[in-house]
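Commentary on secondary and tertiary structure
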Amino acid sequence: MGQKKDLTGSEKSKIVRYLAEGCSSLKIAKLLKRDHRTIKRFIQNSQQGRKKRVEKPRRKITAHELRKVKRAAAKMPLATSLAIFQSCNITGVPKSTRCAILRDMAKVRKAERRPPLNKTHKLKRQDWAKKYLKTDFSKVLWTDEMRMSLDGPDGWARGWIGKGQRAPVRLRRQQGGGGVLVWAGIIKDELVGPFRVEDGVKLNSQSYCQFLEDTFFKQWYRKKSASFKKNMIFMQDNAPSHASKYSTAWLARKGIKEEKLMTWPPCSPDLNPIENLWSIIKCEIYKEGKQYTSLNSVWEAVVAAARNVDGEQIKTLTESMEGRLLSVLAKKGGYIGR
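Each chain carries its own residue numbering, running from 1 in the direction its sequence is written. With the structure being a predicted model, the display of local features is reserved for residues of pLDDT at least 70 and the display and counting of side-chain atom pairs for 80 or more, all residues being used for whole-chain, interface and lining totals. Where side-chain values are given, they derive from all heavy atoms of the structure, hydrogens and water being excluded.

By the naming in an unreviewed UniProt entry, the protein chain is Tc1-like transposase DDE domain-containing protein, taken from Oreochromis niloticus.

This part is about the packing of helix α1 (residues 9-20) against helix α2 (residues 25-32). Here an angle of 0 to 180 degrees is reported between the N-to-C directions of two axes, which are lines fitted to C-alpha atoms, with helices fitted over the stretch in contact. Here a helix means four or more residues in a row that DSSP labels H or I, a strand means two or more in a row labelled E, and each is numbered from the N terminus. Viewed as axis vectors pointing N to C, α1 and α2 meet at an angle of 140°, and their least axial separation amounts to 10 Å. When the axes of α1 and α2 are compared, the pair comes out oblique. The crossing of α1 and α2 is right-handed. Where α1 abuts α2, its residues Glu 11, Lys 14, Ile 15, Tyr 18 and Leu 19 lie against Ile 28, Leu 31 and Leu 32. The residue makeup of the contact of α1 with α2, split by class, is 6 nonpolar, no polar and 2 charged. Working rule for angles: under 35 degrees goes down as roughly parallel, over 145 as roughly antiparallel, 65 to 115 as roughly perpendicular, anything else as oblique. The sense of a crossing depends on the near helix, which, turned anticlockwise from the far helix by less than a right angle, makes the crossing left-handed and, turned clockwise, makes it right-handed. Residue contacts are defined here by distance: any two heavy atoms, one from each residue, within 4.5 Å place the two residues in contact. Think of it as three bins: nonpolar holds Ala, Val, Leu, Ile, Met, Phe, Trp, Tyr, Cys and Pro, charged holds Asp, Glu, Lys and Arg, and polar takes everything else, Gly as well.

What follows deals with the pairing of strand β1 (residues 140-149). Buried, partly exposed and exposed residues are distinguished by accessible area as a fraction of the type maximum, computed with a 1.4 Å probe on protein chains only: under 20%, between the cut-offs, and over 50%, respectively. Across the 10 residues of β1, 9 count as buried, placing the element largely inside the fold. Inspection of the sheet shows β1 paired to strand β2 (residues 179-187) by 8 bridges, in the antiparallel sense. Counted as the bridge partner of Glu 145 is Trp 183 from β2. Two strands make a pair as long as DSSP finds a minimum of two bridges between them.

Stacked, tilted and edge-to-face are the three classes applied to pairs of Phe, Tyr and Trp rings, where Trp contributes its six-membered ring and a pair requires centres within 6.5 Å; stacked means planes under 30 degrees apart, edge-to-face means over 60, and tilted covers the rest. Scanning all chains against the criterion turns up 15 aromatic pairs. Ring centres 5.2 Å apart and planes at 80° place the aromatic pair Phe 217 and Tyr 221 in the edge-to-face group. Assigned by exposure class, Phe 217 and Tyr 221 land together as buried. Pairing Trp 220 with Phe 228 gives two aromatic rings, centres 5.7 Å apart and planes at 75°, and the pair type is edge-to-face. These aromatic residues form a ring-pair network of at least three members: Trp 183, Phe 195, Phe 211, Phe 216, Phe 217, Trp 220, Tyr 221, Phe 228, Phe 234 and Trp 250.

When a protein is soluble and globular, its nonpolar side chains tend to lie buried together. Counting residues in each nonpolar core, the largest one holds 38 residues, and the members touching the most others are Trp 128, Trp 142, Met 148, Met 262, Ile 281 and Ile 285. Among the secondary structure elements, those contributing two or more residues to this core are α7 (119-132), β1, β2, β4 (233-235), α12 (274-285), α13 (295-307), α14 (311-318) and α15 (321-330). Counting residues per element, this core draws most heavily on α13, at 6 residues. With near-sequence residues (within four places) excluded, Trp 128 lies in contact with Met 262, Thr 263, Trp 264, Pro 265, Leu 271, Met 321 and Leu 325. Core analysis: the next-biggest nonpolar cluster, separate from the first, contains 22 residues, Trp 183, Leu 212, Trp 220 and Trp 250 among them. What makes a nonpolar core is a set of buried Ala, Val, Leu, Ile, Met, Phe, Trp, Tyr and Cys residues whose side-chain atoms join them at distances within 4.5 Å.

This part is about the pattern of salt bridges. A carboxyl oxygen of Asp or Glu within 4 Å of a side-chain nitrogen of Lys or Arg is what we treat as a salt bridge. All told, the structure shown has 8 salt bridges when counted by the stated rule. Here Arg 37 and Asp 35 are joined by a salt bridge, their closest N and O atoms 3.0 Å apart. What makes Arg 37 exposed here is its relative accessible area of 51%. Looking at Asp 35, the relative accessible area reads 10%, which means it is buried.

The following block contains the structure:
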């Protein structure tokens, strides 16, 4: 019989089964109608196991080259290890060595996402900071909405894996598997909410005002004293459903108008302390790469995480406003981070 090409996967499986049954290599060759040498070669190779890895000597980096790498890493944020070393004219260094060297002086980070700020935006941010610099921020209610997806933000499923262990499998779904829209507010050391927007409801001016009526006003605001309502300043960003004429007029009928309704500069999530509250809640509900299988389960996690946020944490956020305003003025309206 003629010698054929390489063994197929099916033939290899049969060889293993026949060997387990005690068949000789010659008998297996006859059963599969393959050349005896082909069967014997496969058996010998499979019994040898993997070849041991030969450690190659690593290229040594001088102190001078190390200083060059450090300067290049500072000048080239988000560059690859190869690009950094090439910019220093250092060649012949394997990736594992490059990463080990960089790990002592840098961290792998993702680029920060922030709204674009043009000259007009910066001027408005400066004007806003000057206007509210002398405000008593303990009387300001900071509000915002946030969507909590089932899968969590991208890149939150990273972490250390022990040697010999496999990374857990994560679900991959469109739009993060869907999510829950949550509204909340913070004032002084108190958390207002969180309140869940009904699933499937798109917040336009009418639905936003109705949502505030059913949650914020009926469940929290109505319980407050007249003196509190007189001094409270309501903050909301410039989302279309918030800043529309309909919503502004509706809030005015509720007594929230003029100086009681805070004006807000464009593209300024970094100035709203409740954004930091969302970060605290997200870190809690998505810790260790946790995912959810239903909207109710992620909502329950949000409620539990919010319940664990104490008054001191909220007070730290609301008391940070004076420093934020001073930073805006110092940076001439530039982005201050969060």
